[in-house]
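Tertiary structure, described
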Amino acid sequence: MCYAIPGNVKNITGNLITVDYFGEERKARNDFYDLQVGDYVYAQGGFVVEKIDEKLAEEILETWKELFFELKKTDVRLSKLYNDKPDLDKDFLKVIDKATYGKLISRKEALRLLLCEDPDEIDLLHKSANFIRQKFLDNACCVHGIIEFSNTCVCKCTYCGINSENSTLKRYSLDTGEILEVVADAVKRFGFKGLVLQSGEDTSYSSDKILKLIKDIRRNFPVFIFLSLGEREDRFYREAFDAGAKAALFRFETSDSTLYSQLHPHSSLKERTRYLKLFKDIGYIIASGSLIGLPGQKAESVIDDFMFAKELGCDMYSFGPFIPHPDTPLSDYNTPDTEYILKALSVLRLIDPYGKILVTTALESINPQARRQALMSGANSIMLNLTPKDYVGFYDIYPNRATVDVSVEKQIADALQLLKSIGRAPTDLGI
Ligand code: SAM
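Counting starts from 1 at the beginning of each chain's written sequence and moves along it residue by residue. pLDDT decides what is reported in this predicted model: residues at 70 or higher carry local features, side-chain atom pairs at 80 or more are listed and counted, and totals for whole chains, interfaces and linings draw on all residues regardless. Just so you know, side-chain values use all the structure's heavy atoms and leave hydrogens and water out.

**Thoughts on the domain arrangement of the chain**
Domains assigned within the chain are domain 1 (7–67) and domain 2 (136–421). Segmentation into domains, and thus their bounds, comes from an automatic or database assignment. The C-alpha centroid of domain 2 is placed 28 Å from the C-alpha centroid of domain 1. As a working definition, buried area equals the accessible area (1.4 Å probe) given up by two parts on being put together, with both sides summed. Of the roughly 1100 Å² buried between domain 1 and domain 2, counting both surfaces, carbon and sulfur atoms make up 62%. Summed over the three residues of domain 1 that lose the most area to domain 2, namely Phe32, Gln44 and Phe47, the buried surface amounts to 42% of that side. Salt bridges are identified by distance alone: a Lys or Arg side-chain nitrogen within 4 Å of an Asp or Glu carboxyl oxygen. Here Asp31 and Lys246 are joined by a salt bridge, their closest N and O atoms 3.1 Å apart. Starting at the N terminus, helices and strands are each numbered in turn, a helix being any DSSP run of H or I of at least four residues and a strand any DSSP run of E of at least two. Residue assignment for the side of domain 1 that touches domain 2 shows that the elements contributing at least two residues are β3 (24–29), β4 (40–44) and β5 (47–52). In terms of residue count, β5 provides more of the side of domain 1 that touches domain 2 than any other element does, 3 residues in total. Residues of the side of domain 1 that touches domain 2, tallied by class, amount to 6 nonpolar, 2 polar and 4 charged. By the convention adopted, Pro, Cys, Tyr, Trp, Phe, Met, Ile, Leu, Val and Ala count as nonpolar, Lys, Arg, Asp and Glu as charged, and the other residues, Gly among them, as polar.

Okay, here's the thing in structure tokens:
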């Protein structure tokens with residue numbers, strides 16, 4: 001099964017190539033292969049991850065041809081923007097209008113949208129976000145797999161169930177052989193082209209061990225690697241990029257430095273942000289964001305988080321609900337409403353028409369309908385959980401995580417069925 005469509009190389013300038021997908025051209029960076037014009041490649045996250053045999057590529061493209069255009073048609077139909085409620089507040093409509101033309105909206109305007117409560121306004125906000133997503137990004141939807149290879153962590157994040165102070169949790173760390181087996185299955189059996197390697201800040205994995213793992217993965221499997229490992233030495237991140245990891249999933253958690261310090265006694269927002277700037281400097285694709293609904297967090301702060309993430313140059317946004325964990329100091333607080341998170345994701349889409357927006361597992365965990373709703377409200381990326389079933393229950397960052405007891409096969413089938421029904425192509429077509 002393929003989550004990416006083979007592209008035909010049209011032009012090569014240094015390590016930048018132009019790839020054609022049924023007449024649509026995208027740029028991608030090639031760090032790994034000796035390519036000629038006319039070759040076929042898979043690109044993920046704007047990087048070439050595999051060179052494909054011409055005959056195989058043409059066979060795959062033949063099966064995709066009709067579906068490719070059919071999906072686009074469905075998406076265009078479902079993302080049409082119309083407002084049959086002309087009496088809505090003029091200021092609200094002005095902001096919506098501005099954003100649908102791709103113009104920047106201000107912090108104040110974004111706040112006005114996030115605070116809207118009129119059901120007709122909320123409906124138009126979601127439809128506008130979906131329209132903007134279609135207009136600027138078309139119907140591609142990233143489908144990455146995540147492997148949570150260790151729940152051991154030295155951090156003390158007060159919201160997180162795997163924080164080092166939680167002595168009730170059984171800890172696990174997969175050895176590199178086990179991780180490679182999961183990667184092999186993900187790539188060879190299930191066809192994943194993009195994988196996130198995530199763990200707590202587990203010091204039992206030395207930098208050299210992880211670098212070797214990245215090299216082993218890249219040597220054996222054509223896959224785009226995201227790292228989500230937390231704060232490690234700068235040198236490690238430089239070497240990991242050269243070893244073949246090209247993206248970092250690393251939330252700043254909140255852009256409010258006082259709140260950050262309250263929630264993270266072991267670290268500071270300044271240090272967290274420094275890493276994101278470092279990743280950007282090195283050349284990583286960065287995915288970042290914050291927790292929405294944290295105790296003491298105001299709507300203004302959520303908008304600040306969006307603006308902050310955009311300023312950092314995030315390629316992908318990961319904003320999801322805070323879900324209280326019973327064995328943490330924040331156990332007595334409430335989970336935010338699905339509707340608030342969906343509104344927030346739509347506002348984010350109006351703030352940045354071009355960034356990818358992830359539907360987080362946390363959102364899917366508070367509402368089983370939320371994946372579809374979020375994809376219809378501006379989001380365009382999902383993650384499936386590939387952590388082996390003997391361990392996945394112990395990656396207990398918050399309770400009742402979605403998909404913990406769902407097989408990979410079923411997760412894939414459900415995702416593909418949903419994406420097809422709303423006209424999205426499960427592929428990442430490059431930058
Ligand atoms: N160690 C890595 C890091 O520092 O980025 C990744 C692991 S960390 C457990 C992954 C993410 O889980 C965090 O960025 C945090 O936002 C999220 N998370 C932790 N506890 C959560 C909770 N109670 N509700 C929602 N998300 C939570």
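Now that the structure has been shown, the text picks up again.
**Side note on the sheet that holds strand β6 (residues 142–150)**
Only strands that DSSP links by at least two bridges are regarded as paired with each other. Taken together, 8 strands build an open sheet; the order of strands is β14-β12-β10-β9-β8-β7-β6-β15 and the sheet is parallel. Sheet topology places β14 (356–357) and β15 (381–385) at the edges, where each strand pairs with a single neighbour. Direction of pairing for strand β8 (residues 224–228) relative to strand β9 (residues 245–249): parallel, over a ladder of 3 bridges. Looking at the pairing, Phe226 lines up with Ala247 of β9. Contacts are residue-level and defined by heavy atoms, with any inter-residue pair within 4.5 Å sufficient. For every element, the axis is a line fit to its C-alpha atoms; helices are fit only across the contacting stretch, and the angle between N-to-C directions ranges from 0 to 180 degrees. Lying over the sheet, helix α6 (residues 207–220) contacts β7 (194–199), β8 and β9, oriented at roughly 160 degrees with respect to β8.

**Observations concerning the UniProt feature "domain: Radical SAM core" (unreviewed entry) in the chain**
Feature annotation in UniProt places "domain: Radical SAM core" (unreviewed entry) on residues 139–362, given in this structure's numbering. Note that residues 139–362 is 40% helix and 17% strand, and that its end C-alpha atoms are spaced 23 Å apart. UniProt positions are given in the numbering used here, feature names are shortened, and annotations may be inferred rather than shown by experiment.

**Digging into the side chain of Glu253**
Locating Glu253 in the fold gives a position in the loop between β9 and α8 (257–263). Judged by relative accessible area, Glu253 falls into the buried class, the value being 12%. If we ignore the near neighbours within four places in the chain, the residues touching Glu253 are Tyr159, Tyr260, His264, Arg272, Gly289, Ser290, Leu291 and Leu294. Whether a residue is buried, partly exposed or exposed follows from its accessible area with a 1.4 Å probe, protein chains only, as a fraction of its type maximum: under 20%, in between, or over 50%, in that order.

**Focus: the pairing of β4**
Every regular strand shows the same layout, with side chains that alternate between the two sheet faces. Buried residues dominate β4, accounting for 5 of its 5 residues. In this sheet, β4 lies alongside strand β1 (residues 7–13) in antiparallel orientation, the contact comprising 2 bridges. Bridging from a neighbouring strand, Asn8 pairs with Tyr40 of β4. Pairing analysis gives 5 bridges linking β4 to β5, with the strands arranged antiparallel. Note on β5: the bridge partner recorded for Gln44 is Phe47. Between β4 and β5, which follow one another and run antiparallel, lie 2 residues, and Gly45 among them has a positive phi close to 60 degrees.

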